[in-house]
Amino acid sequence: MAFYVVQFLTGLASAASLFLVASGLSIIFGVTRIVNFAHGAFYMIGAYIAFTLTERFSGAFGFWGGVVAAALAVALIGVLVEIVLLRRIYHAPELFQLLGTFGLTLMVEDLVVLIWGPDDLVGRRAPGFKGAVDFFGQNIPSYDLFLIALGPVVLGVLWLLFQRTRWGVLVRAATQDRDMVAALGVNQKWLFTSVFAVGVFLAALGGALQIPRDAVHHAMDLRIIVEVFVVVVIGGLGSIVGAFVAAVLVSELNAFGILIFPKISIILVFLVMAVVLIVRPWGLFGKPEAAARKTPGLSVNPWRPLTLNERLASLAALIIAAMLPLFAGNYALTVGSEIAIFVIFAVSLHFLMSVGGLASFGHAAYFGLGAYGVAFLAKMAGLPMIVCLLLGPLLGCMGAAVFGFFAVQLSGVYFAMLTLAFAQIVWSIAFQWVSVTGGDNGILGVWPEKWAASPSHFYWLALGVAALVTIALRVMVFSPFGYALRATRDSLLRSEAVGINAKRIQWTAFVIAGTTAGIGGALFAYLKGSVFPDNLGISLSVDALVMVLLGGVETVSGGVIGAIVYKALNIWLVSQTDLSKLVLGGFIVLIVVVFPKGIVGMLEILAQRRRKSSPPGSSLLAKPVESAE
Amino acid sequence: MRARNSFVGAAFALLAAGMGHSALADDIKIGEINSYSLLPSFTEPYRKGWQLAVEEINAAGGINGKKLVVISKDDGGKPADAQTAANELVSSEGVAMLTGTFLSNIGLAVSDFANQKKVFFLAAEPLTDAVTWAKGNKYTFRLRPSNYMQAAMLVEAASKLPAKRWATIAPNYEYGQSAVAVFKKLMSEKRPDIQWVDEQWPPQGKIDAGPVVQAVAQANPEAILNVTFGPDLVKLVREGNTRGLFKGREVVSFLTGEPEYLDPLKEETPEGWIVTGYPWYSIKTPEHDAFLKAYQAKYNDYPRLGSIVGYQTIKAAAAIIAKAGSTDTDKMIAAAEGISMPSPFGEITFRKIDHQSTLGAFVGKTAQKDGKGVMVDTSYKKGSDYLPSDAEVEKLRPKD
Amino acid sequence: MSVAPPLLAVEGLTKSYGGIHAVRGVSFSLRPGEILALIGPNGAGKSTCFDMLNGQNKPDSGHVRLLGEETTGKKPRDIWRMGVGRTFQITATFATMTVRENVQVALISHGRQLFNLWGSAPNVDRNEAGRLLELVGMGGYADRPCGELAYGDLKRLELAVALANDPKLLLMDEPTAGMAPRERVELMRLTAQIAKEKSIGVLFTEHDMDVVFEHADRIIVLNRGTLIAEGSPAEVRGNPQVQAIYLGEGLLYEGGHREGASA
Ligand SMILES: Nc1ncnc2c1ncn2[C@@H]1O[C@H](COP(=O)(O)OP(=O)(O)OP(=O)(O)O)[C@@H](O)[C@H]1O
Ligand SMILES: [Mg+2]
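Residues numbered from 1 in each chain as written. Chains lettered and ligands numbered in written order. Predicted model: local features only at pLDDT ≥ 70, side-chain atom pairs only at ≥ 80, totals over all residues. Heavy atoms only, no water.

A. Just the coordination of the magnesium ion (ligand 2), in detail. Residues and elements named next belong to chain C. At 1.9 to 2.0 Å from the magnesium ion (ligand 2) lie its protein donor atoms, namely Ser 47 (OG) and Gln 89 (OE1). With Ser 47 in helix α1 (residues 46-53) and Gln 89 in the loop between β6 (84-87) and α3 (99-110), the pair connects residues that are 42 residues apart, well separated along the chain. The exposure class assigned to Ser 47 is partly exposed, which follows from its relative accessible area of 22%. Judged by relative accessible area, which is 32%, Gln 89 ranks as partly exposed. (Donors = N, O, S within 2.8 Å, 3.2 Å for Na, K, Ca; no water. Helix = DSSP H or I, 4+ residues; strand = E, 2+ residues; numbered from the N terminus. Buried < 20%, exposed > 50% of the residue type's maximum accessible area, 1.4 Å probe, protein only.)

B. Spatial organisation of the interface of chain A and chain B. Tallying the contact residues gives 88 residues for chain A and 75 residues for chain B. Here chain A meets chain B over a buried area of about 7,200 Å², counting both sides, of which 56% is carbon and sulfur. Ranking the residues of chain A by area buried against chain B places Tyr331(A), Asn441(A) and Trp447(A) at the top, with a combined share of 10%. Remark: the boundary between chain A and chain B carries six salt bridges. (Contact = heavy atoms within 4.5 Å. Buried area = accessible area lost by both parts, 1.4 Å probe. Salt bridge = Lys/Arg side-chain N within 4 Å of Asp/Glu carboxyl O.)

C. Here's a closer look at the site of ligand 1. All names here are of chain C. Taken together, 13 residues surround ligand 1, and among them Gly 43, Lys 46, Ser 47, Thr 48 and Gln 89 come closest. One nitrogen or oxygen atom from the main chain of Ala 44 is found 3.1 Å from an oxygen atom belonging to ligand 1. With the chains in place, 63% of the 630 Å² that ligand 1 exposes on its own is no longer accessible. Among the secondary structure elements, those contributing two or more residues to the shell around ligand 1 are β2 (20-30) and α1. Ranked by residue count, the leading element in the shell around ligand 1 is α1, at three residues. Grouping the amino acids of the shell around ligand 1 by side-chain chemistry returns four nonpolar, seven polar and two charged. (Near = heavy atom within 4 Å. Polar contact = N/O pair within 3.5 Å; in protein donor to acceptor, adjacent residues only side chain to side chain. Areas by Shrake-Rupley, 256 points an atom, 1.4 Å probe, with all protein chains shown as cover. Nonpolar A, V, L, I, M, F, W, Y, C, P; charged D, E, K, R; others polar.)

D. Region of the structure containing the pattern of salt bridges. Within the structure shown, the criterion is met by 53 salt bridges over all chains. Arg213(A) is paired through a salt bridge with Glu239(B); the nearest N and O atoms lie 3.6 Å apart. Residue Arg213(A) is found in the loop between α8 (188-208) and β4 (215-216), and its partner Glu239(B) is found in helix α8 (residues 230-243); the two belong to separate chains. Residue Arg213(A) is classed as buried on the basis of its relative accessible area, which comes to 9%. Given a relative accessible area of 7%, Glu239(B) falls into the buried group.

What follows is the structure in structure tokens.
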């Protein structure tokens, strides 16, 4: 019996750490609607700074003072980030902030290694909480008891802050309706800044308090960020009580789950999230998301099919690309193939995200399923390459059909998180089911047959498929189905009121996107000759998101451009420097600030300006006049 | 318009990607790949190690009179990126052979690439047995003692313990799983009386140590096998210390004696764990002394195990090329099979039968000295003594 | 001799939110070609009624029948397929699409082309879309992004969209809000004309009593969720209960003479 009590308390201690970080994320999202990918980075910086301070200053005061000072210092960094970066992009398309904070995260991961060195750092234990308390023969670390008490205290303080102060009332109002607060004449800017600072403070505090239990290292952020998102979503976005309950739920399920299923931890949170979201689409304590009001002034250029000239130009570009093998070496061709494959991957997500308004955070699942499909067919059934390429993507198609059915019942961030959960479930199956998938050692030896083996042949294959896929999806964008899909994105209410079965349209789009991603994955398996769980992993899903956002989520060809720029840059940087994350992150942040509509979005604006400044027909005349003025 | 821009962009990217470093045509180029950005704490000392080797080799006149150049790439911890890097090194840089890799899956990916492209690959660190056995191939050699060898070394000591009730804690991925499987198999062969009372499989890098420690303690084993490492190990040790998990229990632990993993523990270092590792401070052989002196002189830092591996990888590569007298792949394979060479740990041989080197490891017990973790009672275990019989190896390895 | 069922028959429709009885036992019917105004002060339950008629909202109890067929419990899209078009009080349009595309979407849906992946949507029913837009006076705006439109124009666009499926019944929630007085009259005149030509039944709500009294064939009055009066414009205008509700607004009595007084 005593054991179960202690296990329960241990779970509570884990929950408290999780809650601290999650509450900050929840607050930030609730008010600013920012999907703050950098939350884990702030957590990590909190731990690093606290490590430095607590090593530098001795005694109890040195320790506790160091922890609080670290959290405050990081909050200040947060304020800076908010003012310099986020303020510029609140009005950018939804999720663009995700891109910005993702860039920041990349930078921070390299920066901490530059500043604190590569070694794992182990800080000292908390003065006064070094030992354990005996509980009927079981030991409970006293620091755990401290954390268990801290969780509810923080919850209480936050509750008071929100219920009893004017600031809190404003924050709650903003959580419900941003525009209303603006209408009340409240300085929205500073409200957001302060909320961001509080959220970051909590993240950094959570990180700093890990010092007595954990090692401080440069991958702490990734270890926690996904889990924290999951907790926030299970609890219901913006609900702090929800975050608390979810943290307890997840931690306790883990603490007791491992007694029966010792391998459950790897997937537990995602299973819980999937179940919760299917049963309660807005999380345990969440409310249905108010339909996001379109930001005024954010009118999108109406989409149109390419004109004849543009088609010819694209064809010419394709021909030039196809001539690459005439002058490029094998390595360049292989890189070209990889870029072409990522174009396929990116346009498939773009179709779902830009056309359908459904931002999947787990799109790699279908890419990877396509890859595994090929690997199974080639290695187990020994089928010829062409058959594998045709049938392999069907695995992606089937995965998308099953998961998509549940996912499209949700929308917005909840949709995104459910897709993430599904992707993680698929990932962990690939990771765990060693006898079939080879686990993380993957499936090797999936090499192309002779006709496609040479780099130039494979390049032509990849380029050809990429061109076909891009054209096919583009045709679909301007097909009746594409119109219907955009309709469901723009207004569910109106589309249902004109006879559109929105869920079925979205489901179809999901399957199309999943199958297309599967095609990319199938080619990828042959390009690399092997398949690994990585091919279904979060980081690949994030890559896809970044490519689409970078290209421009509101544009038709953003996926293509984003994939080419991001992938080429990424490959080049990884090859040239060990600090590729720092440079790539910096580049992304720069793009976010300078081109808040993405690369293609920016090009469109420039083209529009040019068109406006020189009225058609009078351009010859107009120019000298203008310059004369 | 937009599409055209995209393709121009692509062309630029490809051109940029096509440009490489310039090494003189006469130099011998070796390609090296590792997870520098993902695992800096292991790969930094490793890099220092191989850089030292390059310096020594060139100072001694290079390989057969030619200068050695190592071109190093980061794989970011992703098998797919490692293959891109391998491809760049082979196709674009024209390296004579590939070396490196730390993670097992990356080692396997590059090994498979080498097999496909008929390139010589000397795997430095990946531990999985598959590299030389189940998925071994003609082109791939491996330096570091494999999972099996480390397990066998530990079993030798562990089987002498009186403990009968054992629990295991291992990261939930191929490395952890196969480490536990081999250890259990070899232990059970020597000690049929042993009972396995609990197993814990925390996710790699994400251990929730409190509940894991409690769960193991609840099963009340007499001895524990640990396979976690890095930050997970730190958390496990801290929770285990506080909760008294290790009190009165024997612990056998993979790799924990390597400075990479032992040093961060400082005053948390548990006493008396039986571990494999690298006690650089207590090895008193002329070969190691020479290495240690050179390393400390160059970097003003002490070596980690990665330093040894990096150093010996390049030394081995150079020895193989020197013996082959050429950078022709088949000649290098022929030269490498059965080659013997000196190393800081004494003479090692790359076995013909499975391309595994006989580099060994140190087994000893953990202890604390001046607030730092050290290995005591250490002894060097030669790799050749901890490999299965040739007949068994024949069965494990596919015919090529 | 069996009597043909009315176009729309509403019986005992009831809906409450927590303690608020938004709509309580409302019954009325509508003939083809008839223009029926549903009026009442703010919060009377008009929009709630509309939502229950087109399936947006499920009634707690009561029935809605369209040409004798039960529609309660059906989804909006199915009710739309039965020939019910609707405009919203707060307009709902496809903001990133052009005005023409907005109408085309409805036409595509009507033509059951929604899952056509290969056709060229810009050319689908292009002329028909243009005709509908001309009809509501939006012909010149066809290529404008819908997000740029003024509120009154959005209302007009919604009417064009609502007409896309050749509806038998039009539900219009405050169709003229946001328009200048002259435009209101024009739009309602147009609606009336279409209704008579195609024998479409129209149910609309309106706060501008001029519009109501001029165009409605019949008026029903809702107050706090309950129907309190029904009859011809003249009858309703004379109803003391109605007068009491609208007391002070002055419109009811003079509206017929002072065009646009409420603007
Ligand atoms: N979803 C809801 N939840 C709770 N109460 C609601 C909801 N929708 C409407 N109500 C309430 O029901 C009542 C009727 O609202 P309704 O919108 O139908 O009125 P209306 O007659 O259309 O008013 P208006 O003239 O302002 O458009 C109001 O008291 C309103 O507050
Ligand atoms: Mg209303």
